[in-house]
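An overview of the molecular structure
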Amino acid sequence: MEKANVLNKNSLRRYANNEELGTAPLMPQIGKKYHAPLAVIHRGDLQRILLDGVRAAGIELRTNSRVIRAADDFEANVQLESGEWISGDVVVAADGIKSELRHQIASHHGVTDTCQPTGDAAYRIMIPKDKMQGDQRALDLLNNNVGMRWMGPGGHIMAYPIKNNTVYNMVLLHPQKQGASNEESWTNKGDKQEMIEFYRNWDDLVQSLLSYVPEGDVMEWTLNSHFPLPSWVENKCVLMGDACHPMLPYVAQGAAQAIEDAGVLTCALSLTSSVPTALAVYESVRKERAERIQKSAAVTRKALHLPDGEEQRKRDEAIRGTGKNPDLWADPSWQDFMWGTDVMKDTIENWDDIVAHSHGYHPHAVQAVGY
Ligand SMILES: Cc1cc2nc3c(=O)[nH]c(=O)nc-3n(C[C@H](O)[C@H](O)[C@H](O)COP(=O)(O)OP(=O)(O)OC[C@H]3O[C@@H](n4cnc5c(N)ncnc54)[C@H](O)[C@@H]3O)c2cc1C
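Please read all numbers here as calculations on a predicted model, not as lab measurements.

1. Some points on the overall build of the protein
- Across its full length, the protein holds 12 helices and 15 strands.
- Here the C-alpha radius of gyration of the protein, 22 Å, is about what a compact globule of 371 residues would show, namely 21 Å.
- Counting across all 371 residues of the protein, residues that qualify as buried make up 34%.

So, in structure tokens, the structure goes:
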């Protein structure tokens, strides 16, 4: 993992004075427990690794080819913006949070695909090492592979080094600006001064980090809650990743769950020549789990954004203690569920049972699942 940073712990901190309330061990403990390393990586580096894999496998990759619709009978045919139709054995729509096929499948099931603003937005910033020169506290953060989680009223910050400790990555959750657009976009710019203003009462360390961000390099992502769909599958078309379970970034699982989707679909398609069976198995294995994690993010949001007061003091005591951690990402029992489940192994080992179950699978039932 040349470009990934392996984190050794998560450090949960109070916003006002940087006091460490608790820690959640990550590597090597998590690796030993769940038999896989935990690492963080810049999304561009991950995409490059995936692209190299696609090229090595000799798969034809067409860029600049926007899909506008699937065929009305949801056979494996899609139409591109150019008007051209493309046919295959199966259509896997991994087209993200604004998925065209999600709208099409939802409306086929009589559902209007909507979302609800959470009232939060996320600044996304990356600080290059050369901007930190002379600030030893900032450089220590960059050089130590620790995930930092600062919690404050109405917001929190998650930060860690990436790119072999040459860039410090920060995601800063805060209330959405009044009148701001609800559009989710990777390219929306945020305002550096507004960001500094919101975090002005946070510890000096946070404030100095924010001051190092180059002007114009603040990105802002609006956070909306998306509701579970009645189904991820229609005939030979299937949804994957944010197209079917867009997640709020409070438990850092959106991309992780998209990768689990890909693993399970690969297993299913390689264990049967029947596309409908493979897609039914995929949905049966994935939908309930992904939606449970999707839902957990809202609980974590509340815990991380408490205003100063009695509830916040109780939360901080709980973090200092050894019981259930209010930050689910750091809670051992929730970690067992998130990281202790090998979805590909389970699919292979329990294949016959899952096939039998998935034929009677009623996707509506999963909406009642709690956490
Ligand atoms: C602020 C923030 C922080 C996050 N932090 C984490 C984290 O720490 N850990 C984690 O696991 N996840 C995290 N996530 C979530 C993660 O980024 C997403 O879950 C992940 O990118 C989803 O991957 P995807 O492939 O499903 O969709 P995307 O990454 O959105 O990719 C969709 C692709 O489809 C293409 N596309 C779209 N429409 C069409 C079309 N009509 N035709 C053809 N192509 C199309 C797009 O160009 C894009 O390339 C975070 C998200 C946000 C917003």
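Now that the structure has been shown, the text picks up again.
2. So, the pairing of strand β5 (residues 67-70)
- Pairing between β5 and strand β6 (residues 77-80): 3 bridges, direction antiparallel. Paired with A70 across the strands is V78, a residue of β6.
- Connecting β5 to the next strand, β6, in antiparallel fashion are 6 residues, including F74 with a positive phi near 55°.

3. Looking at the site of the ligand
- Within the structure, the ligand sits among 22 residues, and G96, G241, A252, G254 and A255 are positioned closest to it.
- Sorting the residues of the shell around the ligand by element identifies β9 (115-128) and α7 (254-271) as the ones contributing at least two each.
- Sorting elements by how many residues they give to the shell around the ligand places α7 first, with 4 residues.
- Taken together, the residues that form the shell around the ligand break down as 13 nonpolar, 4 polar and 5 charged.

4. Side note on helix α8 (residues 275-304)
- An ideal rise of 1.5 Å per residue puts 44 Å on 30 residues; α8 measures up with 43 Å between its terminal C-alpha atoms.
- The largest bend in α8 is about 30°, located at R286.

5. A look at unusual backbone geometry
- Cis rather than trans, the peptide bond between M27 and P28 has omega equal to 5°.
- With respect to the element layout, P28 can be found in the loop between β3 (20-25) and α1 (29-34).
- Here N64, not a glycine, exhibits a phi torsion of approximately 50°, which is positive.
- By the secondary structure assignment, N64 is in the loop between α2 (43-56) and β5.
- With a phi angle near 50°, N235 is a residue other than glycine that sits in the positive phi range.

6. Some remarks on the packing of α7 against α8
- At a minimum axis distance of 9 Å, the contact between α7 and α8 shows a crossing angle of 160°. Between α7 and α8, the angle falls in the class roughly antiparallel. Crossing hand, α7 versus α8: right-handed. Between α7 and α8, the contacting residues are Q257, D261, V264, L265, A268 and L269 on the first element and A278, V281, Y282, V285, R286, A290 and I293 on the second.
- Here the residues of the contact of α7 with α8 are counted per class, giving 10 nonpolar, 1 polar and 2 charged.

7. Regarding the sheet that holds strand β14 (residues 233-234)
- With mixed pairing, the 3 strands of this open sheet are ordered in space as β8-β15-β14. With one partner strand each, in any of the chains shown, β8 (91-93) and β14 form the two edges of the open sheet.
- Of the strands in this sheet, β8, β14 and β15 (237-239) are in contact with helix α3 (residues 100-108), which crosses β15 at around 110°.

8. Observations concerning the domain arrangement of the protein
- According to the domain assignment, the protein consists of domain 1 (5-23 + 117-225) and domain 2 (90-115 + 226-368).
- For domain 1 versus domain 2, the distance between C-alpha centres works out to 26 Å.
- Opposite the 18 residues of domain 1 that make contact, domain 2 presents 15 residues.
- Every element with two or more residues in the side of domain 1 that touches domain 2 is listed here: β2 (9-14), β3, β9, β10 (146-152), β11 (155-162) and β13 (219-226).
- The residue makeup of the side of domain 1 that touches domain 2, split by class, is 7 nonpolar, 8 polar and 3 charged.

9. A look at the sheet that holds strand β7 (residues 85-87)
- Taken in spatial order, the 3 strands line up as β5-β6-β7 in an open sheet, and their pairing is antiparallel. Looking at which strands have only one partner, the edges of the open sheet turn out to be β5 and β7. Across the sheet, the mean angle from the axis of one strand to that of its neighbour is 30°, orientation sign disregarded.

10. Topic: the environment of S87
- Its location among the elements puts S87 in strand β7.
- Overall, the presence of 10 C-beta atoms within 10 Å leaves S87 in the exposed class.
- For S87 and N77, which are 10 residues apart along the polypeptide, the C-alpha to C-alpha distance reads 4.4 Å.
- Those residues in contact with S87 that lie beyond four places of it in its chain are A76 and N77.

Definitions and limits used
- Sequence order as written defines the numbering, with residues in each chain counted from 1.
- Note on the predicted model: pLDDT of at least 70 is required for a residue's local features to be given, and 80 or more for side-chain atom pairs to be given and counted; whole-chain, interface and lining totals, by contrast, use all residues.
- Secondary structure elements are defined from DSSP: runs of H or I of at least 4 residues count as helices, runs of E of at least 2 residues count as strands, and each element is numbered from the N terminus.
- It is over C-alpha atoms that the radius of gyration is taken, and the globule rule equals 2.2 Å times the number of residues to the power 0.38.
- Residues are called buried when their C-beta atom has 20 or more other C-beta atoms within 10 Å, exposed when it has 12 or fewer, and partly exposed otherwise; all C-beta atoms are positioned from the backbone.
- Strands are treated as partners if at least two bridges between them are detected by DSSP.
- Here, nearness means that the C-beta atom of a residue, built from backbone geometry, sits within 6 Å of the molecule or strand in question.
- Under this grouping Gly is polar, as are all residues other than the nonpolar Ala, Val, Leu, Ile, Met, Phe, Trp, Tyr, Cys and Pro and the charged Asp, Glu, Lys and Arg.
- A helix is expected to reach a length of 1.5 Å times the quantity of its residues less one.
- Two axes enter the definition of the bend at a residue: one is fitted to the seven residues ending there, the other to the seven starting there, and the bend is the angle between them.
- In this analysis an axis means a line fitted to C-alpha atoms, helices contributing only their contacting stretch, and an angle means the value between N-to-C directions, from 0 to 180 degrees.
- Throughout, the term roughly parallel applies to angles under 35 degrees, roughly antiparallel to angles over 145, roughly perpendicular to angles from 65 to 115, and oblique to all others.
- Left-handed describes a crossing whose near helix is turned anticlockwise from the far helix by less than a right angle; the clockwise case is right-handed.
- Think of it this way: build a C-beta for each residue from its backbone, and any pair within 7 Å is a contact.
- Where each domain begins and ends is defined by an automated method or by a domain database.

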